[in-house]
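Residues per chain, in single letters:
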Amino acid sequence: MAAISAVENKTTPLSRDTLKAQRRRELIESTMESIAKCGFSETTLAKVAKGAGLSRGLVNFHFQSKDALLIETLQNISREYRNHWQRALEASPDDAVAQLVAIFRADFDPYICNPRNIAVWFAFWGEAKSRPVYSELCGGRDDERNLQTLRLCETIIEAGEYDLPTKQIARGLESTAEGLWQSLLMPHRVFDRTFALDTMHRYLSLTFPRHIAPDGSVVTPVQSPETDKVQDNKKR
């Protein structure tokens, strides 16, 4: 029986590809920790290796340079952010109001909105002016999200007959979220995600008072533009 138990408890070794992906992930996580705590200039391959509990040689095996590691770290955090708000959008009802609230609420989810992630985002933005590749990756993330916000705002403004400039409103809401993120990093303030989310809800409500309550709940739903397109295609 003991022999059988030993066989049953034996773990299956990871495949080479799985182990490689796991090591790369560990190095990216260590890079983010280092950037958040020490900043860009103090983040070295040696420090990343130590934080991940791996050898410097293994770091060089997976990433040929610090540059390559930083670019993949930015790609990773950008992808996680995009996937997170898109999942929130897809999980929402076919209602532009609920979808608008959902994507901004996703911005303050602990998975995305935490001291480490925000510190890393702003560190990359700080380097973007001198590093075009960072600017391109950060801008690409923002462009996709800004377009979605613009579409939803346009739908709500049209349905609610608000006398508001769509582009400015959409940009203003995104800027409010970014400003709240930045305020969470201020050293003289307590990191209060709940307060930031409540503030975002209230700004959404002030912008569209007939459709969004101060607590972020939907007052009047509006069929989303994506739903309209689907229904038009069905009619055809």
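(A) Examining the overall build of the protein chain more closely. When you go through the protein chain residue by residue, the secondary structure sums to 11 helices and zero strands. In the protein chain, the order of α-helices and β-strands from amino to carboxyl end is α-α-α-α-α-α-α-α-α-α-α. In the protein chain, buried positions account for 41% of the 236 residues. Pairs at least 24 residues apart make up 69% of the contacts formed inside the protein chain by residues separated by at least 6 positions. Counting only carbon and sulfur atoms, one obtains 53% of the accessible surface of the protein chain, whose full area is about 13,600 Å².

(B) Examining helix α6 (residues 96-106) more closely. The element α6 is extensively covered by neighbouring structure, given that 10 of its 11 residues are classed as buried. The complete set of buried residues in α6 reads Ala96, Val97, Ala98, Gln99, Leu100, Val101, Ala102, Ile103, Phe104 and Ala106. Its side-chain oxygen at 2.9 Å from the backbone nitrogen of valine 97, aspartate 95 defines the N-terminal cap of α6.

(C) Seen up close, the environment of serine 224. As for its position among the elements, serine 224 is in the loop between α10 (193-207) and α11 (225-235). Each C-alpha atom of the pair serine 224 and leucine 152 lies 7.2 Å from the other, and the pair is 72 residues apart in sequence. Apart from residues no more than four positions distant in its own chain, serine 224 is found in contact with Asp94, Asp95, Ala96 and Gln99.

(D) Region of the structure containing the packing of helix α2 (residues 16-38) against helix α7 (residues 115-128). One can describe the packing of α2 onto α7 by two numbers: an axis separation of 8 Å at closest approach and a directional angle of 75 degrees. Put simply, α2 runs roughly perpendicular to α7. Judged by residue contacts, Glu29, Met32, Glu33, Ile35 and Ala36 of α2 engage Arg116, Asn117, Ala119, Val120, Ala123 and Phe124 from α7. For the contact of α2 with α7, the residue count by class is seven nonpolar, one polar and three charged.

(E) Focus on the layout of surface pockets. By volume, the second largest pocket amounts to about 150 Å³. Looking at the lining of the second largest pocket, the elements that each hand over two or more residues are α8 (132-160) and α9 (166-184). Counting residues per element, the lining of the second largest pocket draws most heavily on α8, at five residues. Of the residues that constitute the lining of the second largest pocket, the class distribution is three nonpolar, two polar and four charged.

(F) Examining the pattern of salt bridges more closely. On inspection of all chains with the given rule, the structure shows 10 salt bridges. Across the pair arginine 25 and glutamate 80 runs a salt bridge, and its minimum N-O distance is 2.9 Å. Here arginine 25 is found in helix α2, whereas its partner glutamate 80 is found in helix α5 (residues 66-91), with 55 residues between them in sequence. Since its relative accessible area comes to 16%, glutamate 80 is described here as buried. Among the ionic pairs, glutamate 33 bridges to arginine 116, the shortest N-O distance being 3.4 Å.

(G) Examining the confidence of the model for the protein chain more closely. With 88% of its residues at a pLDDT of 70 or more, the protein chain shows a mean pLDDT of 86. Ranking the elements of the protein chain by mean pLDDT puts α11 last, at 44, and α6 first, at 97. Throughout residues 1-9 the model reports pLDDT below 50, and contacts reaching past four residues in sequence, or to other chains, amount to zero contacts. The model gives residues 227-236 a pLDDT under 50, and that stretch makes three contacts with residues more than four places away or in other chains.

(H) Representation of the nonpolar core within the structure. Ranked by size, the top nonpolar core spans 55 residues in total, and within it Leu100, Phe124, Leu173 and Phe208 carry the most contacts. Of all the secondary structure elements, the ones that give two or more residues to this core are α2, α3 (45-52), α5, α6, α7, α8, α9 and α10. Excluding anything up to four places from it in sequence, phenylalanine 124 contacts Ile35, Phe40, Leu70, Thr73, Leu74, Tyr134 and Cys138.

The rules behind the values
- Residues numbered from 1 in each chain as written.
- Predicted model: local features only at pLDDT ≥ 70, side-chain atom pairs only at ≥ 80, totals over all residues.
- Heavy atoms only, no water.
- Helix = DSSP H or I, 4+ residues; strand = E, 2+ residues; numbered from the N terminus.
- Buried < 20%, exposed > 50% of the residue type's maximum accessible area, 1.4 Å probe, protein only.
- Contact = heavy atoms within 4.5 Å.
- Areas by Shrake-Rupley, 256 points an atom, 1.4 Å probe, with all protein chains shown as cover.
- Polar contact = N/O pair within 3.5 Å; in protein donor to acceptor, adjacent residues only side chain to side chain.
- Axes fitted to C-alpha atoms, helices over the stretch in contact; angles between N-to-C directions.
- Parallel < 35°, antiparallel > 145°, perpendicular 65-115°, else oblique.
- Nonpolar A, V, L, I, M, F, W, Y, C, P; charged D, E, K, R; others polar.
- 1 Å grid on protein atoms, 1.4 Å probe; cavity = no way out; pocket = protein on both sides within 12 Å on 5 of 7 lines; lining within 4 Å.
- Points joined across faces, edges and corners; volume = space filled by probe spheres on them.
- Salt bridge = Lys/Arg side-chain N within 4 Å of Asp/Glu carboxyl O.
- pLDDT = per-residue confidence, 0-100.
- Core = buried A, V, L, I, M, F, W, Y, C linked by side-chain atoms within 4.5 Å.

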